[in-house]
Amino acid sequence: MAQGNLLLTPQRVIFEGTKRIEELNLANTGRDTARYVISLINLRMKEDGGFEEISQPDTGQNFADKWVRFFPHSVILGPQESQLVKIQLTKPGGMQPGEYRSHIYFRAIPDQKPLGEKEPVPDSSISVHLIPVFGVSIPVIIRVGASTTQTSLSDLSLERGTDTVLNLNLVFHRTGSMSVYGDLSVDHIPAQGKTVRVGTVRGLAVYTPNTVRRFRMPLENAKGVDYHSGKLKVVYTTPSNHKPATITEAELILH
């Protein structure tokens, strides 16, 4: 995961079984020294996949922040430098079965002007100086007990976005005790001829306690593909950096 000049791996932290420690690698890929402040925040996933920060869990949601600690709490990275951040699970013995989630957040701190250095004087008497501040967060998930999660896809439909872009709409449905995370692929299967991959999206999640996520993805204008005949096969699999296994799949007959 990269944003701004920060490269962060891995993209998710999951504690399950006997795992108690995870290390994140932060790398500054830019040309300037950068400082990042690190904290734990709690987020709600919305039906469209967006996030908003919350202070109290929704019904069926469990925060992980009181069960984990991390070090250091801030880092300063020179150009092309990297550093490890250690995350540790603490005292998991009293946790009830289910999934606990918080997000570790890396917020960039803007450069400060050295003492004695003055800002340039603007031509007008009033000016607004905007300093962009970016941050990136990744989920920290604790799983206790066996998963009862089931996932399905529904409401597949095509929608013309622009003159050249065709979108596929679909809905994820999730039930059970854990969130789901994986990659989505779309193949066009003609009545006769060769199957063509027309869309791929990696890293799609439906977090607890959400039961629904609505998703839209653009399809490729691949040569020889007729979106008025044949069918689309949509497959949701476990992440491709492991041996992919099918989570669920669905088809859309084209007319």
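Quick look at the structure, then. Here the residue numbers are simple positions, counted from 1 along each chain's written sequence. Local features in a predicted model are, by the rule used here, given only for residues with pLDDT of at least 70; side-chain atom pairs are given and counted only at 80 or more, and totals for whole chains, interfaces and linings are based on all residues. In computing side-chain properties, one takes all heavy atoms of the structure into account and sets aside hydrogens as well as water.

1. Brief notes about the overall build of the protein
Per the convention used, a helix needs a DSSP run of H or I reaching at least four residues, while a strand needs a run of E reaching at least two, with both numbered from the N terminus. Assigned secondary structure in the protein consists of zero helices and 19 strands. Buried positions account for 40% of the 255 residues belonging to the protein. Partitioning the intrachain contacts of the protein with sequence separation of at least 6 by distance along the chain shows that 68% fall at a separation of at least 24. Accessible surface for the protein amounts to roughly 15,000 Å². Of this, 50% is attributable to carbon and sulfur atoms. Three exposure classes are used, based on accessible area relative to the maximum for each residue type with a 1.4 Å probe and protein chains only: buried under 20%, partly exposed in between, and exposed over 50%. Residue contacts follow a heavy-atom distance rule, with two residues in contact if any of their heavy atoms lie within 4.5 Å. Surface accessibility in these figures is a Shrake-Rupley result with a 1.4 Å probe; residues are shielded only by whichever protein chains are displayed.

2. Details of the environment of S185
Residue placement: S185 occurs in strand β15 (residues 180-189). For S185, a relative accessible area of 13% gives the class buried. Between the C-alpha atom of S185 and that of V234, which follows or precedes it by 49 residues, the distance is 5.8 Å. With near-sequence residues (within four places) excluded, S185 lies in contact with R197, G199, T200, K233, V234 and V235.

3. Topic: the packing of aromatic side chains
Only rings of Phe, Tyr and Trp enter the pairing, Trp through its six-membered ring, and a pair is recorded when the two centres are within 6.5 Å. The plane angle decides the type: under 30 degrees is stacked, over 60 is edge-to-face, the rest tilted. Applying the stated criterion to the full structure yields four aromatic pairs. Seen from their ring centres, F51 and Y207 are 6.2 Å apart, and the 50° between their planes marks the pair as tilted. Remark: Y207 occurs in the loop between β16 (196-206) and β17 (212-219) and F51 occurs in strand β7 (residues 51-53); sequence separation between them is 156 residues. Accessibility expressed as a relative area gives 38% for F51, which makes it partly exposed. Here the aromatic residues F172, F215 and Y236 are joined through ring pairs into a cluster of three or more. Charge-over-ring contacts are defined here by two conditions on Lys NZ or Arg CZ: a distance within 6 Å of the ring centre and an angle within 35 degrees of the ring normal. One cation-aromatic arrangement involves R12 over Y181; the distance from NZ or CZ to the ring centre is 3.8 Å. The residue whose ring lies beneath K19 is F15, and the NZ or CZ to ring-centre distance is 6.0 Å.

4. A few points about the layout of surface pockets
When its volume is computed, the largest pocket comes out at roughly 640 Å³. Put plainly, a pocket is an open set of points on a 1 Å grid over the protein atoms alone with protein on both sides within 12 Å along at least five of seven lines, a cavity is a set where a 1.4 Å probe fits but cannot get out, and a lining residue has an atom within 4 Å of a point. Looking at the largest pocket, it is lined by 26 residues, and the ones nearest its centre are R12, I14, Y181, P239 and H242. Considering each element in turn, the lining of the largest pocket owes the most residues, three residues, to β15. When residues are grouped by polarity, Ala, Val, Leu, Ile, Met, Phe, Trp, Tyr, Cys and Pro land in nonpolar, Asp, Glu, Lys and Arg in charged, and all others, Gly among them, in polar. Classifying every residue of the lining of the largest pocket gives nine nonpolar, 12 polar and five charged. Grid points are joined across faces, edges and corners, and a volume is the space filled by probe spheres set on the points.

5. Remarks on the sheet that holds strand β12 (residues 135-144)
With respect to topology, five strands assemble into an open sheet ordered β3-β12-β11-β5-β9, the strand pairing being mixed. Only two strands of the sheet have a single neighbouring strand rather than two, namely β3 (13-15) and β9 (74-77). Along the sheet, successive strands turn relative to each other by an average axial angle of 20°, direction set aside. When DSSP finds at least two bridges between two strands, those strands are taken to pair. Simply put, an axis is a line fit to the C-alpha atoms, just over the touching stretch for a helix, and the angle between two N-to-C directions goes from 0 to 180 degrees.

6. Let's talk about the sheet that holds β15
Taken together, the four strands give an open sheet; going across it, the order is β16-β15-β18-β19, and neighbouring strands pair in antiparallel fashion. Two strands in the sheet have a free side with no partner beyond their single neighbour: β16 and β19 (246-253). Adjacent strand axes in the sheet meet at a mean angle of 15° when their direction is disregarded. When β15 meets strand β18 (residues 231-237), the two strands line up antiparallel, connected through seven bridges. Within β18, the residue paired with L184 across the bridge is Y236.

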